[in-house]
Every structure is written in C-alpha cells, then in structure tokens.
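# A look at the structure
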Amino acid sequence: MYAMEVCVDSVESAVNAEEGGASRLELCGNLIEGGTTPSLGLLKVVKQSVGIPVYVMIRPRGGDFLYSTTEREVMMADLRLAKEQGADGIVLGTLTEWVPRSYCY
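Residues numbered from 1 in each chain as written. Predicted model: local features only at pLDDT ≥ 70, side-chain atom pairs only at ≥ 80, totals over all residues. Heavy atoms only, no water.

Another point: the nonpolar core. In terms of nonpolar packing, the biggest core is built from 18 residues, with Leu25, Leu27, Leu43, Val46, Val50 and Val54 touching the most fellow members. Secondary structure elements with two or more residues in this core: helix H1 (11–19), strand E2 (24–27), helix H2 (40–49), strand E3 (54–57) and helix H3 (69–84). If near-sequence neighbours (up to four positions away) are discounted, Leu43 is found in contact with Leu27, Val54, Val56, Ala82, Gln85 and Ala87. (Core = buried A, V, L, I, M, F, W, Y, C linked by side-chain atoms within 4.5 Å. Buried < 20%, exposed > 50% of the residue type's maximum accessible area, 1.4 Å probe, protein only. Helix = DSSP H or I, 4+ residues; strand = E, 2+ residues; numbered from the N terminus. Contact = heavy atoms within 4.5 Å.)

The following block contains the structure:
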C-alpha cells in the first residue's frame, strides 16, 4: 500500500484530501509562496475535521531557506505552539543545522 501526503492550506482542501485517499496532511499557509507556517486556528479546525495525521509546516516566510537568528527563534516558538495544539508532526527545511534533535521526536 502506498502512502500519500497532500499539502493543504484550508479546511476544505484538508477534508477533500482525506476523502481522496490521503494518508497524511502537510498543513501550510500561503502555498503560493511555497508554504509557510499556518495559523493555529487553521490547525485546530483541520484537526477537528479530519481523522488522519496533520503535519505542520514551520517556515516564517517564503523565499530561501537561510534563516536569521530571529527567524529561528520564531520557528522554535511556532514549533512548540504547533506541538501544544496537537500537530502530529512538523515539516521544515533549512540550510543550516540548528534544530535540536530532541525537537525531532
């Protein structure tokens, strides 16, 4: 059996993805920008609306993947909040190694 992860940026697209056979969601804001961290409100309502795992994009802005110290602080705060609000996992990309391994499990 194949697993299918679908990137979504709305409740409607999350429900449609699950109905279409997705096994996991990557929840993003601003897909037009390549995906950024979604609002906590969106995460909460998506979690209430679907029965499959929801992984949250942690990305403070579009563009490259080189983040300043301040942007990394924002990302860590977003990561903690997503976890507190029930995210099943996170998705991120960076060109520097700074995420503590303890946050990856």
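Alright, that's what it looks like, and here's the rest.
Per the stated rule, a full pass over the model turns up four salt bridges. Residue Arg24 is joined to Glu5 by a salt bridge in which the shortest nitrogen-to-oxygen separation is 2.6 Å. Here Glu5 lies in strand E1 (residues 5–8) and Arg24 lies in strand E2, a separation of 19 residues in the sequence. Judged by its relative accessible area of 31%, Arg24 falls in the partly exposed class. For Glu71, the salt bridge is made with Arg61, and the minimal N-O distance between the two is 2.4 Å. Placement of Glu71 in helix H3 and of Arg61 in the loop between E3 and H3 is noted, with a sequence separation of ten residues between them. For Glu71, a relative accessible area of 18% gives the class buried. (Salt bridge = Lys/Arg side-chain N within 4 Å of Asp/Glu carboxyl O.)

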